[in-house]
Amino acid sequence: MYKGIAGSEGIGIGNIVIIEEHQIHIETKTVTDTEEEIKRLQSAIEKFVIATNEMAGKMEETVGKKDADILRGHIQMLQDPMIEEQISALIVAEKVTAEMAVDQVLEQTAEMFSQIPDELLQQRATDFRDIKTRMIKLLQGIEDVDISHVPEDTVLVARDLTPSMTAGINPDNIVGILTETGGKTSHSAILARAMEIPAVLSVPGICSIVKNGDKVVLDGASGETMINPDETVIKQFEEKLSIYQKEKELLAEYAGKPTVTKDGIKVELVCNIGKPEEAKKATECDGEGIGLFRTEFLFMDRDSIPTEEEQFEAYKTVAEEMKGKPVIIRTLDIGGDKAIPYLGLKEEENPFLGFRAIRFCLQREDIYKVQLRALIRASAYGKIKIMVPLVTCVEELRRVKEMAADIMKELEHERISFNKNLEIGVMMETSAACMIADVLAKEAAFFSIGTNDLTGYTMAVDRGNAKVAYLYSTYQPAVLRSIKRIIECGKKEGIMVGMCGEAAADPKLIPLLLAFGLDEFSVSATSVLKTRKIISDCDVSECQKLADKVMKCTTEEEILNLL
């Protein structure tokens, strides 16, 4: 039995096909004709754009536009003027080959992103390394790996399944994915979930453990896999697969139904999104609104700040797609840990405790006012709510509200429509916000608990640091007490309290959250029906008995055993 990260749920039973990448060797040599090298570079970029657009087109047919846009994003990343200029400048200054310049610049960029303690942004490192590999292959005339013709019942094994590799996947032939790297938010996981292919990621040394043709079983929910199991184990997994398929069919019964507990308590079940086009997926998956729209992605992969009109159209698109359902939009959560060169942010020793999110926005009102103005204008087209990230003192919330009030006066003067009752709330993700939750609840229109950062800040843990990662757990008594306090303070003041972290879809935590009185669960679109089923199976009075026991526990182990 080998253990990895549960990347995409489901049961896979099949035969291994290893995706072997060509070894790339870059010769170190001095070039005399730098103009010729730059021509080679430009030619490779042109070929890259054509090939990537073709791959994205195929992916759009098999998986959908949202996932195809991951590949289209690679074109924007490569054609970023700063990246192109750096590569060309290195060729001229150091008289190196185009391959060497591409390798150095894109690897440095990838390394920079890999150091950011944010899983979503760490995926940029995978993107840049994928782009780098493909560009060097184009320069050296090496053909890309083609996995479009693998036989039926294939379990793909790779060091990492990059977006360019997945473009050719035929979901009908592939029953599972095993990789040596990647996490729950990696492209491997996102694409596997989109194609509903079971995946176990970050299995140490799996590429050298297996060989082509080996029989394999894997469980994408537990993160377990077995190589060449005996008939008894295969039968067990076949039974698991049958049960999983029946459960999936049963989930369809929850589509179109309200999210109500067994004893009649209704809660909101909404979705987290990062881009405007993802709102459609939320609707298709029966989400009851948007609980978190991460706006920083509008600012990334470009060389200038998005204009008011660009932002307005993005927010308006989501509001209109949701047709009057609530849409909580988080204002710019950016800082020293998220690389956006044109903002001129300096590198910080500890960016998670530094100049970021609302701290940055309140010192750069020229940027923040544009965003707030676009958001307030878009509020005329739906039930938009504004959420302020990384709040640690009440003055921050008050200043945002003052700015919003000033903008509303401007818009009234200009006779531009907006929602005069627009709600402004707080993303509760710091220990400070938790401790003054009673104060914030008197001034915020709503709370949304960001469990990922709340866990990190409460436990004083850098989740990117393997030596202390064992402490990064929402089941820690300190974290659960923080969540309970935030909900209690919100309920006391009669405001809505939601949760937009990973914990909102955790089957073990949902009963506790219901007992604490959580009003809104914001999850990934694909988790909606499963979360609705779990909630509908819960009796809140029974959940409260469980919660009473849990809150008396003194260790994470005791809590997990109870749950």
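Residues numbered from 1 in each chain as written. Predicted model: local features only at pLDDT ≥ 70, side-chain atom pairs only at ≥ 80, totals over all residues. Heavy atoms only, no water.

(A) Molecular detail of the pattern of salt bridges. Enumeration according to the criterion identifies 35 salt bridges in this entry. The residue Arg-356 makes a salt bridge to Asp-333 at a minimum N-O spacing of 3.2 Å. Separated by 23 residues along the polypeptide, Arg-356 in the loop between strand E11 (326-330) and helix H12 (357-363) and Asp-333 in the loop between E11 and H12 bring together distant segments of the chain. For Asp-333, a relative accessible area of 3% gives the class buried. Between Lys-385 and Glu-423 there is a salt bridge, with its nearest N and O atoms 3.6 Å apart. Remark: Glu-423 occurs in strand E13 (residues 423-428) and Lys-385 occurs in strand E12 (residues 383-388); sequence separation between them is 38 residues. Judged by relative accessible area, which is 29%, Glu-423 ranks as partly exposed. One network of salt bridges, in which partners are shared, links Glu-308, Glu-309, Arg-373, Arg-377, Glu-410 and Glu-414. (Salt bridge = Lys/Arg side-chain N within 4 Å of Asp/Glu carboxyl O. Helix = DSSP H or I, 4+ residues; strand = E, 2+ residues; numbered from the N terminus. Buried < 20%, exposed > 50% of the residue type's maximum accessible area, 1.4 Å probe, protein only.)

(B) Structural context of the environment of Cys-393. With respect to the element layout, Cys-393 can be found in the loop between E12 and helix H14 (394-413). When the C-alpha atoms of Cys-393 and Glu-239 are compared, they prove to be 54 Å apart, with 154 residues separating the residues in sequence.

(C) The sheet that holds strand E6 (residues 199-201), seen in detail. In space, the 8 strands of this open sheet follow the order E1-E8-E7-E3-E4-E5-E6-E2, with mixed pairing throughout. Sheet topology places strand E1 (2-3) and strand E2 (5-8) at the edges, where each strand pairs with a single neighbour. Note: strand E4 (residues 154-158) against strand E5 (residues 174-179), 5 bridges, orientation parallel. The partner of Ala-158 across the bridge, within E5, is Thr-179. Together, strand E3 (11-18), strand E7 (215-219) and strand E8 (224-227) form the strand contacts of helix H9 (residues 231-251), whose direction differs from that of E3 by roughly 120°. (Pairing = 2+ DSSP bridges. Contact = heavy atoms within 4.5 Å. Axes fitted to C-alpha atoms, helices over the stretch in contact; angles between N-to-C directions.)

(D) Looking closely at the packing of helix H13 (residues 365-378) against H14. With their axes 10 Å apart at the nearest point, H13 and H14 run at an angle of 60° to one another. Between H13 and H14, the angle falls in the class oblique. Every pair of crossing elements has a handedness; the one defined by H13 and H14 is right-handed. Across the interface between the two elements, Glu-365, Tyr-368, Lys-369, Leu-372, Arg-373, Ile-376 and Arg-377 of H13 pack against Arg-399, Val-400, Met-403, Ala-404, Ile-407, Met-408, Glu-410 and Leu-411 of H14. Looking at the contact of H13 with H14 residue by residue, the classes come out as 9 nonpolar, no polar and 6 charged. (Parallel < 35°, antiparallel > 145°, perpendicular 65-115°, else oblique. Left-handed = near helix turned anticlockwise from the far one by under 90°. Nonpolar A, V, L, I, M, F, W, Y, C, P; charged D, E, K, R; others polar.)

(E) Local environment of the sheet that holds E12. Judged by pairing direction, the barrel is parallel, and its 8 strands sit side by side in the order E9-E10-E11-E12-E13-E14-E15-E16 before closing back on the first. Neighbour-to-neighbour, the strand axes of this sheet turn through a mean angle of 25°, independent of strand direction. One ladder, built from 3 bridges, connects E13 with strand E14 (residues 446-449); its direction is parallel. Residue pairing for E14: Met-428 is matched across the bridge by Ile-449. Of the strands in this sheet, strand E9 (268-273) and strand E16 (520-523) touch helix H20 (residues 528-536), which is tilted by about 155° from E9.

(F) View of unusual backbone geometry. At Asn-228, a position not held by glycine, the phi torsion is positive, near 50°. Along the polypeptide, Asn-228 turns up in the loop between E8 and H9. Unlike most non-glycine residues, Arg-415 shows phi in positive territory, near 60°. For Arg-415, the position within the fold is in the loop between H14 and E13. When its relative accessible area of 79% is taken as the criterion, Arg-415 is described as exposed.

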